[in-house]
Amino acid sequence: MMQEKSSTLNIPLEELKLVGITGSTTSTSEAPLILVEGMEREVREEDVVLIENLNGGLILAVCRGGLGIDDNLRVGSYSPGIAYVRSTGKSPSRAKESYHFMLSFIGAVADGRVKPNDVIVAPGSRVYAFRGTSHNPLQYLKTEKTLLAGYLVREPSWDIPFDAAFIPYHIGVFGATGSGKSYLTRHLLIPVLLKAGYGVLDLDWAGVDYAPYFEESQVIPISEVESSPEAFLSYLMDRTRNFGYRGETSTLSMALEEVLSEHWQSLVKEASTPSELLEKLKDLVNERLKGQPKEGDQKSKHWIDLASMRLERGLSKLPLEEVETFMGKVGIKDLIPRQGEVSVVDMHRASDVAKLTFFLTLSNELLTRMYRGEMLNLALVIDEAPQYCPHEPRGVQVETTDRIKDLCALGRKHRLCVVLISQGIAGEIGINAAIRRNLNTQFIGQIHPLDLEEAGKRLSPYGIKPESLLYLEPGQFYFVGKMNPSPTPLLISFQVAS
Ligand SMILES: Nc1ncnc2c1ncn2[C@@H]1O[C@H](COP(=O)(O)OP(=O)(O)OP(=O)(O)O)[C@@H](O)[C@H]1O
Ligand SMILES: [Mg+2]
């Protein structure tokens, strides 16, 4: 019976090791595992095992929530066992000792494929381990659209399948500082995205996580990229705090907007230094302001002189090296990589506001293409995501957060994948809740204790204790969500290519 089953299903049960029996109470998605004596030293958390369901079928599952129990040593009240320990300093009989795991199901294996399991597992079913055999059960999770990368932490020879169909459903990478997020992105995610036929545009906030690791021809300093008049205007208004005006719009801001939209290109082309650019801009705006009052209107002349003075004062305070980052000549269009290629924007020289205004220009271009109906085949990798879309956006962040929301919403239909990388998941250290909901695949590494609750919401249903996330090593991540063909998260890692 067992022989026949194993040959049709292609699983060599005879090569696997019996490690235990399912206990009570079981369901269609989980079952307790009682370990055969001695197996507690071999079977570990996150091991993948096979259940030979007495109710029919074979089920792949992951071991979680290990427990060791001994009734003789139960604490909290008096027992003869406890009294024995106290008087002799030795442990009593081990007859009442047992070890358990909770098995979280990957699915039922049938015809070489994994399908959702809908049969209740019979208590008393045998459970086998794969470790130590040449058999890789993750192969049953493969479909036509899966790519292989990384490995299972408990079995480094098993590649992890990634379902490429769900790439444009967006990706989140979460973990405290030093948990390996940028490494995961460089060594695992970017190669998977390239293999799936996407171009990768990586925004390197500090210029240290990506730029130094790619060829010079793939890296573009932000100062060389062209800016839009809107981006420069947002920068000016933010940096000068609206030139001292309270309301959103003032005569000055309207004049600036008009001048920039008409003359921005020629200003950048003709000015050879940032101070020359500001000087020319000042003259043009002053001209525009002076053209406004009707003759003899003393009151408005006073306002114009004030605006002119505020303009002069505001512009003179701008750091010239920041203004220079807006004077690039490389077109935004030329920045966007072709399929299978990577471009990294090194943003380290620009101020935070300049980086965010650059992002507005870039997202405008991507959104315009999508409105036109283009398929982008592009992954936009945004490290330090809370800089762009924090819990409570302020200033330019209000716009960047909105733009990311739009990119996510349109991206699904136009093959744009947004990858957001953040130290925190939710709350003050995390990313905006409206955007988080769009990240259908997540990699969760060692987290900050403040994120225990949020991580728990995602992982506890599968028997993963959120506390265990505090102890993950750098480079270890739970792979959760749409791109994971297994419904239960898998603990994965990756090789760091030298
Ligand atoms: N798969 C891995 N194997 C071994 N070491 C790794 C692996 N992944 C990451 N590391 C180690 O972890 C360190 C931190 O990684 P990384 O810079 O990616 O962290 P991070 O999460 O991006 O941190 P930050 O939030 O500060 O940017 C690396 O310098 C590297 O030594
Ligand atoms: Mg990093």
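Residues numbered from 1 in each chain as written. Chains lettered and ligands numbered in written order. Predicted model: local features only at pLDDT ≥ 70, side-chain atom pairs only at ≥ 80, totals over all residues. Heavy atoms only, no water.

1. Considerations on the packing of helix H10 (residues 352–371) against helix H11 (residues 396–411)
Using the following cut-off: Axis definition: a line fitted to C-alpha atoms, over the contacting stretch in the case of helices. Angles run 0 to 180 degrees between N-to-C directions. Strands are runs of DSSP state E lasting at least 2 residues, helices are runs of H or I lasting at least 4, and numbering of each runs from the N terminus. The cut-offs work like this: below 35 degrees is roughly parallel, past 145 is roughly antiparallel, 65 to 115 is roughly perpendicular, and the gaps in between are oblique. Whether a crossing is left-handed or right-handed is set by the direction in which the near helix is turned from the far one by less than a right angle, anticlockwise for left-handed and clockwise for right-handed. Any two residues whose heavy atoms approach within 4.5 Å at even a single point are treated as in contact. Three classes are used, and their members are as follows: Ala, Val, Leu, Ile, Met, Phe, Trp, Tyr, Cys and Pro are nonpolar, Asp, Glu, Lys and Arg are charged, and the others, Gly among them, are polar.
Axis separation between H10 and H11 bottoms out at 10 Å; the angle between their running directions is 30 degrees. For the element pair H10 / H11, the angle class is roughly parallel. Relative to H11, the crossing made by H10 is left-handed. Facing Val353, Leu356, Thr357, Phe359, Leu360, Ser363, Asn364, Leu366, Leu367, Met370 and Tyr371 of H10, the residues of H11 in contact are Val396, Gln397, Glu399, Thr400, Arg403, Ile404, Asp406, Leu407, Leu410 and Gly411. Taken together, the residues of the contact of H10 with H11 break down into twelve nonpolar, six polar and three charged.

2. Considerations on helix H13 (residues 452–459)
The condition is simple: Any residue under 20% of the maximum accessible area for its type is buried, any over 50% is exposed, and the rest in between are partly exposed; the area is computed with a 1.4 Å probe on protein chains only.
Every buried residue of H13 is listed here: Glu454, Ala455, Gly456 and Leu459. Elements that come into contact with the buried residues of H13 comprise helix H12 (433–436), strand S17 (441–444) and strand S18 (477–481).

3. Details of the site of ligand 1
Basically, it comes down to this: Near, as used in this document, describes a residue that has one of its heavy atoms within 4 Å of the molecule or strand being considered. Any pair of N or O atoms that falls within 3.5 Å is considered a polar contact. Within protein, one atom must be able to donate a hydrogen and the other to accept it, and sequence-neighbouring residues count only if both atoms are side-chain atoms. The method behind every accessible area is Shrake-Rupley, applied with a 1.4 Å probe, and residues are considered shielded solely by the protein chains displayed.
Close to ligand 1 lie 15 residues, the nearest being Thr177, Gly178, Lys181, Ser182 and Tyr183. Between ligand 1 and serine 179 there is a distance of 3.3 Å, counted from an oxygen atom to a backbone nitrogen or oxygen. Here an oxygen atom of ligand 1 and a side-chain polar atom of serine 182 are 2.8 Å apart. A total of 640 Å² of accessible area belongs to ligand 1 in isolation, and the protein chains cover 69% of it. Sorting elements by how many residues they give to the shell around ligand 1 places helix H3 (residues 181–195) first, with three residues.

4. Here we look at the confidence of the model for the protein chain
The following threshold applies: The pLDDT value tells you how sure the predictor is about a given residue, anywhere from 0 up to 100.
Looking at the protein chain as a whole, the pLDDT averages 91, with 96% of positions reaching at least 70. Contacts for the low-pLDDT stretch residues 1–8, under 50 throughout, to residues beyond four places or in other chains number ten contacts.

5. A closer look at the packing of helix H4 (residues 229–239) against H10
A pair of packed helices can be characterised by two numbers: the angle between their axes and the separation between those axes. Running from N to C, H4 and H10 point in directions that differ by 150 degrees, and their axes come no closer than 9 Å. Between H4 and H10, the angle is such that the two are roughly antiparallel. Handedness of the crossing formed by H4 with H10: right-handed. For the pair H4 and H10, the contacting residues are Ala231, Ser234, Tyr235 and Asp238 in the first and Val353, Ala354, Thr357, Leu360 and Thr361 in the second. Its residues placed into classes, the contact of H4 with H10 shows five nonpolar, three polar and one charged.

6. With respect to the domain arrangement of the protein chain
It is common to report an interface's size as the accessible area lost on association of the parts. Keep this limit in mind: Per the annotation, domain bounds derive from an automatic or database assignment of domains. By buried area we mean the combined loss of accessible area, with a 1.4 Å probe, across both parts when two parts are placed together.
Assigned domains of the protein chain: these are domain 1 (2–136), domain 2 (160–226 + 332–493) and domain 3 (229–324). For domain 2 versus domain 3, the distance between C-alpha centres works out to 36 Å. Taken together, the contacts link eleven residues of domain 2 with eight residues of domain 3. Of all residues in domain 2, Arg349, Val353 and Thr357 give up the largest surface area on contact with domain 3, accounting jointly for 48% of the area buried on that side. Here domain 2 is connected to domain 3 by one residue pair in polar contact (both at pLDDT 80 or more). Taken together, the elements giving at least two residues each to the side of domain 2 that touches domain 3 come down to H10 and H11. For the side of domain 2 that touches domain 3, the element with the highest residue contribution is H10, accounting for five residues. The class makeup of the residues in the side of domain 2 that touches domain 3 is four nonpolar, five polar and two charged.

7. Topic: the nonpolar core
To be explicit about the condition: As used in this record, nonpolar core signifies buried Ala, Val, Leu, Ile, Met, Phe, Trp, Tyr and Cys residues forming a set joined through side-chain atoms within 4.5 Å.
By size, the foremost hydrophobic cluster in this structure holds 80 residues, and its most contacted members are Leu203, Phe232, Leu236, Leu277, Phe358, Leu380 and Leu420. Among the elements that take part in this core, H10 stands out by supplying ten residues, more than any other. Each of domain 2 (160–226 + 332–493) and domain 3 (229–324) contributes no fewer than three residues to this core. In this view, leucine 203 contacts Val345, Met347, Phe358, Phe359, Leu362, Leu380, Val381, Ile382, Asp383 and Tyr388; residues no more than four positions away in its chain are not counted.

8. A look at the state of the cysteines
What counts here: In what follows, a disulfide is any cysteine sulfur pair within 2.5 Å.
A complete count under the given rule lists zero disulfides for this structure. Of all cysteine sulfurs, the one in cysteine 408 lies closest to cysteine 417, which takes part in no disulfide; the gap is 9.0 Å. Residue cysteine 417 is classed as buried on the basis of its relative accessible area of 0%.

9. Remarks on the side chain of arginine 436
Its place among the elements puts arginine 436 in helix H12. A distance of 3.5 Å separates a polar side-chain atom of arginine 436 from the backbone oxygen of isoleucine 425. Each residue touching arginine 436, except ones within four places of it in the same chain, is listed here: Ile425, Ala426, Gly427, Ile431, Gln442, Glu454 and Arg458.

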